[in-house]
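Coordinates in review
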Amino acid sequence: MSDQPTPRRLVIENCAVATVDAGNTRHERGHLVIFDGVIEAVGPGPAPVPAGRTGEVRRVDAEGHLATPGLINTHHHFYQWLTRGMATDHNLFDWLVALYPVWARIDEPMVGAAARASLAMMARGGVTTASDHHYIFPRGSGDLLGATIAAGREVGIRLTATRGSMDRGESDGGLPPDFAVESTQEALRATEEAVDTHHDPSFGSMLHIAVAPCSPFTVSTELMREAAALARRKGVRLHTHGSETVEEEKYCHELFGMGPTEYFETTGWLGEDVWMAHCVHMNDTDVAAFARTGTGVAHCPSSNARLAAGIARVPDLLRAGVPVGLGVDGTASNETGELHTELRNALLVNRLGPHREKALGVDDALRLATMGGARVLGRDRELGSLEPGKLADVVLWRLDGLGHSTIADPVAALVLGPPAPISLALVGGEPVVQDGRLLTVDEDTIAREARTQARRLVDAAP
């Protein structure tokens, strides 16, 4: 065994670098220096050898690669990995009616297997921070949030685990079965306990907890208001679904006498500590309210298309100053389960809207998946760009193969080209993916476990 000290300073050089800083600085051939999990330097050309510290330096020759910040997924439902490929021709409400009876049978082993598979799929596709919105807690199902948190720790990427909730079952006019929802007070108690037990607000944290009632049509107004008050008392963020479909907008007008955005504002659900998933059907007043309050948006283009929800007004949101990140959404409505495909889909889908070719560019798409996501999750001082002092969550995309061989712009190659192989993905300077394979978990084992639990779930469903 060698008695040499473990290298503490990592130098990555000879690669293209997209910093995604405020000026979208790029280096055609540049370097990164990482020390103790933090970016120490980034710039053009080769990295200098720190004086007197040569023995502690490990160098990576990244010729043919693009270095970017790790991707940040702002909205997901990990448990849905077990129900991929179902209800493929449904709109949102019909899809929920079809799948809630199945989801209502989930238990702790199922959620653990689904979370490991979801996280592994994202990690091997360049995600270094992910958010999960888990809101269904059937009675007697075990510690579902704990299973998700354990999976995040095992795979080794940063996690924002949102403790979701529903208190409107079928008997109260909601969509989920009654045994799959909680009482208002049960949901609030469990949410507060989750924050107290698991939330780590420190710099470099691997785990944040957020407060996340599911949606206006599965949650009472009391739970919405009390959840917002709880989150602000505890100093954590708030998350929910908003303005996803025309049916939801109609529902809000019928039930509350107002649209979704106005309803959210009356319940305390607009603010810099809030982000909403989807936000497809928003008028100019809604966009202005989000901009005025700093409310964030998780844009999920593939899921929105899969469920025929529509095209979100992402260019208008960005121009108004609204924080916007990208989300995979649950894999029951985005079966790929990967975020890097959403860069391409965000650009293409938004060009089908009124802004056409001027809707988004390739740098805009990369920003949505990195700095945009960091802003949405409240971690833009730590994550989202390659700058000195930020956490060393870095991805090296290989672009010198056949698939990208004639695309001169490396960011265009990443966004518009075929999926780029990942040679190295770091979380806090520690490798999680190398040469396209996860280092932290065994993919084949995770796949087998997920198949087993998916069969259990389907067999248990009515």
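Everything below is about the structure shown above.
A closer look at the overall build of the protein chain
When helices and strands are counted, the protein chain shows 14 helices and 17 strands. Here the C-alpha atoms of the protein chain give a radius of gyration of 22 Å, agreeing with the 23 Å that 2.2 N^0.38 yields for 462 residues. The principal-axis extents of the C-alpha atoms in the protein chain amount to approximately 70 × 50 × 45 Å. Each of the 462 residues in the protein chain was classed as buried or not, and the buried ones make up 60%. Across the protein chain, every contact between residues at least 6 apart in sequence was considered, and the portion connecting residues at least 24 apart equals 74%. Per element, the accessible surface of the protein chain, about 17700 Å² overall, is 50% carbon and sulfur.

Some words on the packing of aromatic side chains
How two aromatic rings sit relative to each other is set out by the distance from centre to centre and by the angle between their planes. Within this structure, the stated rule accounts for 8 aromatic pairs. Ring geometry for Trp 95 and Trp 103: centres 5.3 Å apart, planes at 75°, overall edge-to-face. Each member of the pair Trp 95 and Trp 103 is classed as buried. Note on Phe 217 and Tyr 251: the rings are 6.2 Å apart at their centroids and 80° apart in plane angle, and the pair reads as edge-to-face. With a gap of 34 residues between them, Phe 217 in the loop between β9 (207-213) and α5 (221-234) and Tyr 251 in helix α6 (residues 246-256) connect regions that are remote in the sequence. Exposure class is identical for Phe 217 and Tyr 251. Each is buried. One aromatic cluster in this structure is built from Tyr 79, Trp 95, Tyr 100, Trp 103 and Tyr 135. One Lys or Arg, Arg 9, reaches over the ring of Phe 35 and ends 4.2 Å from the middle of that ring. Taking NZ or CZ as reference, Arg 163 lies 3.7 Å from the ring centre of Phe 137, over its face.

Structural notes on the nonpolar core
Grouped together as the largest cluster of nonpolar side chains are 129 residues, with contacts concentrated most on Trp 95, Trp 103, Ile 136, Ile 157 and Trp 269. The element best represented in this core is helix α2 (residues 108-123), accounting for 9 residues. Aside from chain neighbours lying at most four places away, what touches Ile 136 is Tyr 79, Tyr 100, Trp 103, Ala 104, Ile 106, Leu 144, Met 166 and Ala 180. Core analysis: the next-biggest nonpolar cluster, separate from the first, contains 16 residues, Val 17, Ile 39, Ala 67 and Ala 392 among them.

Structural notes on helix α14 (residues 443-460)
Under the 1.5 Å per step criterion, the end-to-end length of α14 is 26 Å for 18 residues, consistent within 8% with the ideal 26 Å. Where α14 is buried, its residues touch α1 (92-103), α2 and β17 (437-438).

A look at the pattern of salt bridges
Following the criterion strictly, the structure yields 23 salt bridges and no others. For Asp 107, the salt bridge identified is with Arg 456, shortest N-O distance 2.6 Å. Here Asp 107, found in the loop between α1 and α2, pairs with Arg 456, found in helix α14; they are 349 residues apart in sequence, far enough to count as distant. Using a relative accessible area of 36% as the deciding quantity, one classes Arg 456 as partly exposed.

Some remarks on the environment of His 134
Looking at the element boundaries, His 134 is found in strand β7 (residues 127-134). When sequence neighbours within four positions are dropped, the list of residues in contact with His 134 reads Tyr 79, Ile 106, Val 111, Leu 144, Thr 162, Arg 163 and Gly 164. In this structure the side chain of His 134 is engaged in a polar contact, spanning 2.8 Å, whose partner is the backbone oxygen of Ile 136.

Describing the pairing of strand β11 (residues 274-278)
Two faces, one strand: in a regular strand the side chains alternate between the faces of the sheet. For β11, the buried fraction is high: 5 of the 5 residues fall into the buried class. Sheet topology note: the β11/strand β12 (residues 296-299) ladder contains 3 bridges and is parallel. The partner of Met 276 across the bridge, within β12, is Val 297. Traced from β11 through helix α8 (residues 284-293) to β12, the parallel crossover comes out right-handed.

Topic: the pairing of strand β16 (residues 430-434)
Bridging between strand β15 (residues 422-427) and β16 involves 4 bridges; their strand directions are antiparallel. Across the sheet, the residue bridging to Leu 426 is Pro 431, located in β16. Hairpin geometry of β15 and β16 is characterised by an intervening segment of 2 residues between the two adjacent antiparallel strands and by a positive phi of about 60° at Gly 428. The sheet contact formed by β16 and β17 spans 2 bridges and is antiparallel. Among the inter-strand pairings, Val 433 is bridged to a residue of β17, identified as Leu 438.

Observations concerning the state of the cysteines
Under the criterion given, the structure shown has 0 disulfides. With no disulfide of its own, Cys 214 has Cys 252 as its nearest cysteine by sulfur position, at a separation of 13 Å. Owing to a relative accessible area of 3%, Cys 214 belongs among the buried residues under this scheme. Not part of a disulfide, Cys 279 finds its nearest cysteine sulfur in Cys 300, a span of 9.3 Å. Note on Cys 279: relative accessible area 2%, which makes it buried.

Side note on helix α3 (residues 144-155)
With 12 residues, α3 ought to run about 16 Å at 1.5 Å a step, and its terminal C-alpha atoms sit 17 Å apart, in line with that. Burial runs high along α3: 9 of the 12 residues are buried. Among the residues making up α3, those that are buried are Leu 144, Leu 145, Gly 146, Ala 147, Thr 148, Ile 149, Ala 151, Gly 152 and Val 155. Those residues of α3 hidden inside the fold are in contact with α2, β7, β8 (158-165), α4 (184-198), β9 and β16.

Calculation notes
Residues numbered from 1 in each chain as written. Predicted model: local features only at pLDDT ≥ 70, side-chain atom pairs only at ≥ 80, totals over all residues. Heavy atoms only, no water. Helix = DSSP H or I, 4+ residues; strand = E, 2+ residues; numbered from the N terminus. Rg over C-alpha atoms; globule rule 2.2 N^0.38 Å. Buried < 20%, exposed > 50% of the residue type's maximum accessible area, 1.4 Å probe, protein only. Contact = heavy atoms within 4.5 Å. Areas by Shrake-Rupley, 256 points an atom, 1.4 Å probe, with all protein chains shown as cover. Phe/Tyr/Trp six-rings, centres within 6.5 Å; stacked < 30°, edge-to-face > 60°. Lys NZ or Arg CZ within 6 Å of the ring centre and 35° of its normal. Core = buried A, V, L, I, M, F, W, Y, C linked by side-chain atoms within 4.5 Å. Expected span 1.5 Å × (residues − 1). Salt bridge = Lys/Arg side-chain N within 4 Å of Asp/Glu carboxyl O. Polar contact = N/O pair within 3.5 Å; in protein donor to acceptor, adjacent residues only side chain to side chain. Pairing = 2+ DSSP bridges. Right-handed = clockwise from strand over helix to strand, strands pointing away. Disulfide = S-S within 2.5 Å.

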